[in-house]
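Notes for the structure review
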Amino acid sequence: MQAQLLRRTLPSLVLGLLFLSTPAMGICLDKYQELFGQLQKQTDIMQCTSLLLDPYIKSQGLDKDGLKEHCRERPGAFPSKDALQRLSKREFLRTLHTMLGSILHRLTALQRDVPKAQDLETLNRAKQNIRGFRNNIHCMARLLPDSSETTEPTPAVPATSPSPTPTSDTFQRRLEGCRFLHGYHRFMHSVGQVFQEWGESPSRRRRHSPHGGLRKGVRRLQLSRRNKRLPPRGQLPR
Amino acid sequence: MALFSVLQTTFLLASLSLRTYQTEVWSEPLPWAPESLKVSINSTRQCLHLQWSVHNLAYHQELKMVFQIEISRIKTSNVIWVEDYSTTVKWNQVLHWSWESKLPLECAKHFLRMRSAVDDAKTPEQRFWSNWSSWEEVDVQNSLGHEPLFVFPKDKLVEEGSNVTICYVSRSQQNNISCYLEGVRMQGEQLGPNVSMFNLNHVAFIRETGTNIYCKVDQGDVIKGVVLFVSKVLEEPKDFSCETQDLTTLNCTWDPGRDTGLLKQLSQSYTLFESFSGKKILCKHKSWCSWQVAPESQETYNFTLTAENNLRKRSVYLLFNLTHRVHPKAPFNVLFKNVSATNATMTWKVHTIGNYYTLLCQVDLYGEGKVTQHNISVRVDGEHLFGGLEPDTQYMAQVRCANANRFWKWSEWTCQNFTTAEAAPSEAPDVWRNVKSAQGDCVVTLFWKPLLKLQANGKILFYNIVIENLDRSSISKLLSIPAPANGTEVILDQCLYQIHVTANNSVGTSPASVIIVSGDPGNTEVEEERVKGTEDGFSLSWKPQPRNVTGYIVDWCDHPRDPLCDLQWKNLGPNTTSTVVSSGAFRPGVRYNFRIYGISTERVPYLLEKKTGYSQELAPSDNPQVVMSNLTSHSFTLSWKDYSTESQPSFIQGYHVYLKSKAGQCHSGWEKAVLSDDAVCCKYKIDNPKQKTFVVENLQPESFYEFLVTPYTSVGEGPHGAFTKVTTPDEYSPILIRIILPMVFCILLITIICYLKSQWMKEKCYPDIPDPYKSSVLSLIKSKENPRLTIMNIKDCVPDSIEVLNKQEGTRKSLTETESTKPTYLYLLPTETSYSGPEPCICFENFTYNQAASDSASCGHVPVPPKAPPSQLGLLTSPENLLKSLEKNYMNSLGEIPAGETSLNYVSQLASPMSGDKSSLPTNPPEPALCSEYKMQMAIPLGLASAPSSGSSSFSSITLLDEGEHYH
């Protein structure tokens, strides 16, 4: 029990420490590399299912054969990895920012079905972390070169909200919550992979960014090989 | 007949008329039949809700009616429920009735109809049922939608242990559907072609978030389910109570009992209703609620506490008078003033309750392990004086208050500590002494026990010791010993002293403890008695003293084996003649010595008795180190004088001497004993512990014995450790030694004497040279040959030196070639001073240094040639003759004597060859040659062996062979 609590608390603490170096909204860190590194670390943590999905499944009694199989991301609820990879940097960040806003709303709705104070606190911490992550995304977008990307059309990502139509059926809400959390973690995993690609190959960045590469400050970003991270524990299947 | 027909017709008409009337009455609808029936459902509660009205009621008319309601399921003929619902119907009233279906309403059609009857005493003639209303159909399935599968009931809330029916509705009959309860498949009952139901009996609480029940289409991704919220049974609130602290707010508390285990939104709520005022509040907390008291308006309250959730409602009641439920707040501002050594005043304040309330306050005082309690009436401020306190003592005072008029509850305690002031020590220290004599002085070690806290009345800072010489009372000495010392040593002369000891704290001095120390240490010889201790201590008793004593003192050492033995003492009254000395320091196997002193009226202690004993005797752990002595063939002596009986773990009563022998027989005084290893030996018991020597007698010579000496006590003897081995000598060896030793000594003495007197012995026993004139040879020469020839008298020939001529040959020759070898000659030459000119010199061939002989002995040394027989000596006066004669004899002897026979009568030939230089002879003593060994030995007649030359002799030694003495 303590181990589980630690598993839940530790990532949040790490995230909190990471956000310590990120100022509140409106005051951004102007070091691209540092900010980028933070985003990667935050993504690593947020994609970990032990943060939200696993406790939710356990508290809602969905950890039974026949139910677990249905706790899968609803297709189209979150942008796929391919869709994210096709986006330019600016599009990507904008999409991410938008999605995180929707996720925050969905998490708030999910709190209503969480009876235990401990789980409620877990959700609250997760929401705080997402807010911090959004701030970092916002700051990251500001560091991107002011190119014609800003006039790009709306990215071709699903416009649907991650939350389906609200239902009064508790069982269905329970399943939907589980599917949403599954999708959320998968989405953050995809985001992490995109971030990793950003750091790996400038040419790849250019390929995915048809409207020109980053400025030299951005191009300096080279994530060394030794910093390549292994898939985190509790990672969802792709 | 006609009349009969008329009457019959009339009767028939009348009957018909009556029948018609009756038919009309029965068939006419009841004027108060239910109308406007409306049926609705509550899916959450699975209830059918029916509402209707009764028309034709007059204004303000009230009528008691009975409504019979019939419910059918699936088809109208399948009636599953009939109920009579009685109620009073008013004008224009809409009536309601609900029925909860066990089967979810969504899973089957339901039909409902009703009829009514008047059940009112005012209209007894109307007790007829109305007609049934038409069937009202309830079919929810039509409004479910188009999803392939539905499971009901949704989010049902039940109590633990209830029976629940679950059902599903499938849109396709071909689907094979399985349903599960928390992952466990359920077996259902087919209700229709696409409807099944599952009965769950005695459902259990699984988790707060409810039990998951779901159904899946086997080959598809469709899953539908419901959450069944199972609640634990709501309990009645316990210990419901209300009280006030200030007469303005009532605080009501209760024990809600066990949790129902439901989500917060489904859990129970608590409401508090007061019947006199009609006020009702919803409590925000599960276990307490605050009620605002209306000022000066209400004294009695009747509360109803109701716990309610969706399934159950529980209520408890409480009626009380407000003034009887006053629970004051804890007093505050507790202070102490005028704190002295024995008194202190405590003050405190209380919270006011109304204007005319008096509080009863309880004050407790804790100190020195005691509690004192006082009750004080208080209106606003309280005050209490504590008296009879102990100086320098910390006390804890606490106060609480209650309503003095009508006790309900004490307030909480308010505590405060205080410490009284110090006072002068109240008791004299308990003093004792130990007196020793040293170099004419009296060394007095004073001991005193620390004062008890109650006696010290503060922190003892130092002890004052006044030593007063009673003989010369003007002389006194003051010593100040700082605390926490508990003793000191003073050296006194042999005079009589009085010692005063006082303890001092910051306030004053204690009474003095006086002890007299006389010059006489008082160690009179008192017989020591043994006492037997127990776990509780030593019980000591002594004879009452005929003379006046002011008391007795028993002293002892807690640790007698330590140099600082930790002297302890015990004061006893003058009428006491026994006591039990106990100490936590007493250990088994340690001897404790007790001295009992009587204290005279002059305060002089004198030793009365000595006691010694063990709290528990233990068997000896060590055996004495035994020394064996005086070993003879029949006895030996054992001694263990170093063995200390005082330091043993018990009183030594004697010793056992064990003796093992091969014979195995025990002599008188010994007894057979079997050791722990089953060895049999003899045991001798020594009853006197002071006897530390023992003679083992009656032993056999040249026999092997083993012995062991072990002490024995009342609790056993020492360990049977290793035996010491001893073998007795034989019987005659001592006699022989007594004879041989003197003999050897005598022989040695004689030898030394002989050695010292060897010259004398030689002169006496061995004359050096025989007188040639006494020889027969001389007479023979004189008679037959040249008269001029004479034998040289050695006395006449004074040789000064011997020259040895030795000519080395070029090559070594064999013995057969000795003829061509020049012999070595010994020339006797006169010394320069005595040499008289041309007198012929006498020379001898030195055969000892003959090279040929040397060679024959296979060694490079010169062998001694065979000596010429004395018969030939006369011819040797001429060198040539002598040479020839010698050569001839020599050759003969060599040729005749086998080499192996030259082994008799040898003369040592260790001498090395000498140089032929005569001058070198005396100066060069023979040196050992490389092959320094015994050479061929020349046969020498025993009687003519040359005597060693002495230092006083002036002659060279010459060896002559006697006639007839030949080699063999």
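Please read these numbers as outputs of a predicted model, since none were measured by experiment.

Rules of the game
Residues numbered from 1 in each chain as written. Chains lettered and ligands numbered in written order. Predicted model: local features only at pLDDT ≥ 70, side-chain atom pairs only at ≥ 80, totals over all residues. Heavy atoms only, no water. Contact = heavy atoms within 4.5 Å. Buried area = accessible area lost by both parts, 1.4 Å probe. Salt bridge = Lys/Arg side-chain N within 4 Å of Asp/Glu carboxyl O. Polar contact = N/O pair within 3.5 Å; in protein donor to acceptor, adjacent residues only side chain to side chain. Nonpolar A, V, L, I, M, F, W, Y, C, P; charged D, E, K, R; others polar. Helix = DSSP H or I, 4+ residues; strand = E, 2+ residues; numbered from the N terminus. Buried < 20%, exposed > 50% of the residue type's maximum accessible area, 1.4 Å probe, protein only. Disulfide = S-S within 2.5 Å. Core = buried A, V, L, I, M, F, W, Y, C linked by side-chain atoms within 4.5 Å. Domains from an automatic or database assignment. pLDDT = per-residue confidence, 0-100. Patch = residues over 30% accessible without salt bridge, like charges linked within 9 Å, V, L, I, M, F, W, Y side chains within 5 Å. Areas by Shrake-Rupley, 256 points an atom, 1.4 Å probe, with all protein chains shown as cover.

1. Observations regarding the interface of chain A and chain B
Listed by partner, the interface residues are 20 residues for chain A and 21 residues for chain B. Buried surface at the junction of chain A and chain B, summed over both partners, amounts to about 1,500 Å²; 51% is from carbon and sulfur atoms. Applying the counting criterion to the chain A and chain B interface returns two salt bridges. In this structure, the salt-bridge partner of Lys-154 of chain B is Asp-169 of chain A, at a minimum N-O distance of 2.8 Å. Counting across the interface, chain A meets chain B through nine residue pairs in polar contact (both at pLDDT 80 or more). Here the residues of the side of chain A that touches chain B are counted per class, giving five nonpolar, eight polar and seven charged.

2. Regarding the side chain of Gln-47 of chain A
Residues and elements named next belong to chain A. Secondary-structure assignment places Gln-47 in the loop between helix H2 (32-46) and helix H3 (53-59). You can call Gln-47 buried: its relative accessible area is 2%. Looking at Gln-47, its side chain comes within polar contact range of the side chain of His-189, at 2.4 Å.

3. As for the state of the cysteines
Residue and element names in this part refer to chain B. Scanning the entire structure with this criterion turns up eight disulfides over all chains. Paired through a disulfide, Cys-107 and Cys-167 show a sulfur-sulfur distance of 1.4 Å. Its torsion about the S-S bond being 80°, the disulfide of Cys-107 and Cys-167 is classed as right-handed. Here Cys-107, found in the loop between strand E5 (94-100) and strand E6 (110-118), pairs with Cys-167, found in strand E10 (residues 164-170); they are 60 residues apart in sequence, far enough to count as distant. Comparing Cys-107 with Cys-167 shows no difference in burial state: the two are buried.

4. Some details on the nonpolar core
Counting residues in each nonpolar core, the largest one holds 55 residues, and the members touching the most others are Phe-92 and Phe-195 of chain A. At the level of elements, H2, H3, helix H5 (89-111), helix H6 (117-143) and helix H7 (170-200) of chain A together with strand E16 (223-231) of chain B are the ones that each hand at least two residues to this core. Among the elements that take part in this core, H7 of chain A stands out by supplying twelve residues, more than any other. Taken together, domain 2 (145-231) and domain 3 (238-324) of chain B each give at least three residues to this core, which thus spans both. Setting aside its immediate chain neighbours within four residues, Phe-195 of chain A contacts Phe-36, Leu-39, Gln-40, Thr-43, Phe-92, Leu-93, Leu-96, Phe-133 and Ile-137 of chain A. Ranked by size, the runner-up nonpolar core spans 43 residues in total, among them Cys-252, Ala-307, Trp-348 and Val-378 of chain B.

5. Remarks on the confidence of the model for chain B
Residue and element names in this part refer to chain B. In this model, chain B carries an average pLDDT of 78, and 74% of its residues clear a pLDDT of 70 or more. Scored below 50 in pLDDT, residues 9-27 shows one contact in the model against residues more than four places distant or in partner chains. Scored below 50 in pLDDT, residues 809-968 shows 246 contacts in the model against residues more than four places distant or in partner chains. Here the predicted complex carries an ipTM of 0.74, next to a pTM of 0.53.

6. Section: the environment of Val-590 of chain B
Residue and element names in this part refer to chain B. Along the chain, Val-590 falls in the loop between strand E42 (578-581) and strand E43 (591-600). Here the alpha-carbon distance between Val-590 and Tyr-614, two residues 24 residues apart in the chain, equals 5.9 Å. Filtering out sequence-adjacent residues up to four positions away, Val-590 remains in contact with Pro-560, Arg-561, Gly-613, Tyr-614 and Ser-615.

7. Some words on the pattern of salt bridges
All told, the structure shown has 29 salt bridges over all chains when counted by the stated rule. Between Lys-109 of chain B and Glu-137 of chain B there is a salt bridge, and its shortest N-O distance comes to 3.7 Å. Within this pair, whereas Lys-109 of chain B is found in the loop between E5 and E6, its partner Glu-137 of chain B is found in strand E7 (residues 136-138), the two being separated by 28 residues in sequence. Members of the salt-bridge network, linked through shared partners, are Asp-63 and Lys-64 of chain A together with Glu-182 and Arg-207 of chain B.

8. Some points on the side chain of Gln-68 of chain B
All names here are of chain B. Residue position: Gln-68 is located in strand E3 (residues 62-73). By relative accessible area, Gln-68 is classed as buried at 13%. For Gln-68, the side chain forms a polar contact with the side chain of Asp-84, separated by 3.1 Å. Discounting chain neighbours no more than four positions away, the residues touching Gln-68 are Val-82, Glu-83, Asp-84, Arg-113, Met-114, Arg-115, Trp-129 and Trp-132.

9. Brief notes about a nonpolar patch on the surface
A contiguous nonpolar patch, built from Tyr-732, Ile-735, Leu-736, Ile-739, Ile-740, Met-743, Val-744 and Ile-747 of chain B and spanning about 780 Å² of accessible area, is present on the exposed surface. With respect to the helices and strands, Val-744 of chain B occurs in helix H3 (residues 733-756).

10. Some details on unusual backbone geometry
Apart from glycine, the bulk of residues carry a negative phi angle, and the bulk of peptide bonds sit in the trans form. Residue and element names in this part refer to chain B. Residue Phe-152 is joined to Pro-153 through a cis peptide bond whose omega torsion reads 0°. As for its position among the elements, Pro-153 is in the loop between strand E8 (149-152) and strand E9 (157-159). Of note, the amide linkage connecting Ala-483 to Pro-484 takes the cis form, showing an omega dihedral of 10°. The topology assignment puts Pro-484 in the loop between strand E34 (476-482) and strand E35 (487-492). In this model, Asp-239 sits at a positive phi of 55°, which is unusual for a non-glycine residue. Turning to its location among the elements, Asp-239 is positioned in strand E17 (residues 238-244). Given a relative accessible area of 63%, Asp-239 falls into the exposed group. Of note, Asn-338 is a non-glycine position whose phi angle comes to about 55°, a positive value. Within the secondary structure, Asn-338 is located in the loop between strand E24 (332-337) and strand E25 (344-349). Residue Asn-338 is classed as exposed on the basis of its relative accessible area, which comes to 61%.

11. Description of the environment of Gln-545 of chain B
Residues and elements named next belong to chain B. Topologically, Gln-545 is positioned in the loop between strand E39 (537-541) and strand E40 (549-557). It is 9.5 Å that separates the C-alpha atoms of Gln-545 and Asn-575, two residues lying 30 residues apart in sequence. Discounting chain neighbours no more than four positions away, the residues touching Gln-545 are Tyr-552, Tyr-606 and Leu-608. Among the polar contacts listed, one links the side chain of Gln-545 to the backbone oxygen of Lys-543, at a separation of 3.0 Å.

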